[in-house]
Amino acid sequence: MKVLWFSNCKLSERNNKLSGSWLYSMSELLTRQDDFILTNITVDRSKTYKEVQCLKIAPNFCEYILPGWKLDGRGYPHKKHIQEIAEICHKEMPDLIHVWGVENYFCNLIPDLQLNVPLLLEIQGMHEPWVRVYFGDLSFQETLSCLGLREILFPQLKSIYAFKDGMRKQIQRDMHAFSKFQYISTQSEWVRDYIRLNHIQAHLFETGMSIRTPFWKVKWSYPEDGQKNFYCSAAGPAPYKSIQTAIKALRYVKSFYPGCKLYIIGNFKKSNWIHQPGYLTYLYKLIRKLDLTDNVVFTGSLTAQQIVEVMKKCIAMVQTSYVESYSLALVEAQAAGVPAIISYAGAMPELAENRKSGLFFSPGDYMSCAARMIELIENKELALAISRESLSLVKERNNDQAVVETQIRIYETILADKR
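Quantities reported herein were computed from a predicted structural model and do not represent experimental measurements.

**Student:** Which parts of the structure should I look at to understand the sheet that holds strand E12 (residues 316–319)?
**Tutor:** Consider a sheet: its strands pair through backbone hydrogen bonds, and that pairing is either parallel or antiparallel. Strands sit in the order E11-E10-E9-E12-E13-E14 across an open sheet of six strands; the sheet is parallel. Here the strands that pair on one side only, and so sit at the sheet edges, are strand E11 (296–300) and strand E14 (359–361). Neighbour-to-neighbour, the strand axes of this sheet turn through a mean angle of 25 degrees, independent of strand direction. The sheet contact formed by strand E13 (residues 340–343) and E14 spans three bridges and is parallel. Counted as the bridge partner of Ser343 is Phe361 from E14. Contacts between helix H13 (residues 328–336) and the sheet are confined to strand E9 (229–233), E12 and E13, with E12 contributing the most and set at about 165 degrees to the helix.

In structure tokens:
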């Protein structure tokens, strides 16, 4: 079987610090299978390459890296570059093409190429649900606090209002892409509900989500050295991820346990006022306002092994997002046996059971979130019980064998349907 992927990930770069980490482990699982050949096509977001690069990762695994070409009003590259993409597809002659996500132009372009190959679209996220909760628990006054001199002098750099409006404009593009695919794969019932209720006629599949090896190998234990630490994770500063909820919760935890810390994993690097997003500036202001400067640690983007090192210092993960189509960060915590305090939002209620394999709170309810954090500080036995149940759950749901068998079965079903 020969499968061609279009994705946002450079799979040749193994120490990934960005989103889409499940594709790294999924590609490894698939390319270990007999008679399976994988090709990945992605875009160079670093703008290092001027020409298309082809890299051999393994005998049955290669990757094409496209330059970050300038896009037209439709969001497509120039027609000569589209022809380059089509030529790669014809050269590789795949049995099936799998487009991962609607985050770039691949989702609408590939069906237009009429390649006479079965096409599968993977839904990793959707703009319409993001728009509905874009500001998370930010009040109107707090959204104004995200506007600084940068946004006023350089509106093209985008305020959070502009980002939300930009997302709103992507909704119709999403729907247009969904309508082009006969086969759509999803990661949760929450996403499948959205597809069905929008009358999208497609054969739906459920993808198994794979987990990077370091999270399976870690042996988390409840910190015994007095550390009262927690961590949260997001690819970068976006209000709907609601990192501010965790920060506000930490204020109450600190009133009982002054030495507590919150590690924030992701691209939240402080920079000069021209490059720093207004929302990130707001988070730093909030930390100072709540007297949490010594309690909040921004780690930057981390590799899987570096995340594991943070996990070992912490009592629990805090997942505060207002919308998730799955939440791999939560599942990685479960695989490591780290208890999780979880916002009851999006697909996350599908991933754990309250007071059994996680502790839930209402989105934005930072006082309830704080209460759950304090509960795990004061109730070691509850934390350990959640850890054991999480491990048991994830070993059944996300084990490598089940994940790869599910993915192969999806591909085989599509190919059999097309014969």
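Let's pick the thread back up.
**Student:** When you look at the pairing of strand E2 (residues 37–43) in this model, what are you seeing that I'm missing?
**Tutor:** Regular strands place their side chains on alternate faces of the sheet. Burial runs high along E2: six of the seven residues are buried. The pairing of strand E1 (residues 2–6) with E2 spans five bridges and is parallel. Directly across from Leu4, in E2, lies its bridge partner Thr39. Here six bridges tie E2 to strand E4 (residues 61–66), and the two strands are oriented parallel to one another. For Thr42, the partnering residue across the bridge sits in E4 and is Ile65.

**Student:** Help me understand the packing of aromatic side chains in this model?
**Tutor:** Two measures describe an aromatic ring pair: the distance that separates the ring centres and the angle between the ring planes. Evaluation of the coordinates by the stated rule reveals 15 aromatic pairs. Relative to Tyr366, the ring of Tyr252 lies with its centre 6.2 Å away and its plane at 25 degrees, an arrangement referred to as stacked. Taken together, the residues Tyr252 in helix H10 (residues 243–256) and Tyr366 in helix H14 (residues 366–378) connect sequence positions 114 residues apart. The exposure class of Tyr366 is partly exposed, given its relative accessible area of 29%. Measuring from ring centre to ring centre gives 5.3 Å for Tyr344 and Phe360, while their planes differ by 70 degrees; the resulting arrangement is edge-to-face. Placement of the pair is Tyr344 in the loop between E13 and E14 and Phe360 in strand E14, with a sequence separation of 16 residues. Classification of Phe360 as buried rests on a relative accessible area of 11%. Chaining the aromatic ring pairs together yields one cluster made of Trp130, Tyr134, Phe135, Tyr161 and Tyr240. Its end group placed over the ring of Tyr252, Arg251 keeps NZ or CZ at 5.8 Å from the ring centre. The ring of Tyr284 has Lys270 sitting right over it, with the charged end atom 4.8 Å from the ring centre.

**Student:** Would you mind showing me how to read the environment of Tyr411 here?
**Tutor:** As for its placement among the helices and strands, Tyr411 is situated in helix H16 (residues 400–418). Residue Tyr411 is classed as buried on the basis of its relative accessible area of 0%.

**Student:** Explanation requested: the state of the cysteines in the structure shown.
**Tutor:** For the structure on display, the rule yields zero disulfides. Considering cysteine sulfurs only, Cys232 is the nearest to Cys146, which forms no disulfide, with 16 Å between them. Exposure remark for Cys146: the relative accessible area of 2% places this residue in the buried category. Looking at Cys232, the relative accessible area reads 1%, which means it is buried.

Calculation criteria
Residues numbered from 1 in each chain as written. Predicted model: local features only at pLDDT ≥ 70, side-chain atom pairs only at ≥ 80, totals over all residues. Heavy atoms only, no water. Pairing = 2+ DSSP bridges. Helix = DSSP H or I, 4+ residues; strand = E, 2+ residues; numbered from the N terminus. Axes fitted to C-alpha atoms, helices over the stretch in contact; angles between N-to-C directions. Contact = heavy atoms within 4.5 Å. Buried < 20%, exposed > 50% of the residue type's maximum accessible area, 1.4 Å probe, protein only. Phe/Tyr/Trp six-rings, centres within 6.5 Å; stacked < 30°, edge-to-face > 60°. Lys NZ or Arg CZ within 6 Å of the ring centre and 35° of its normal. Disulfide = S-S within 2.5 Å.

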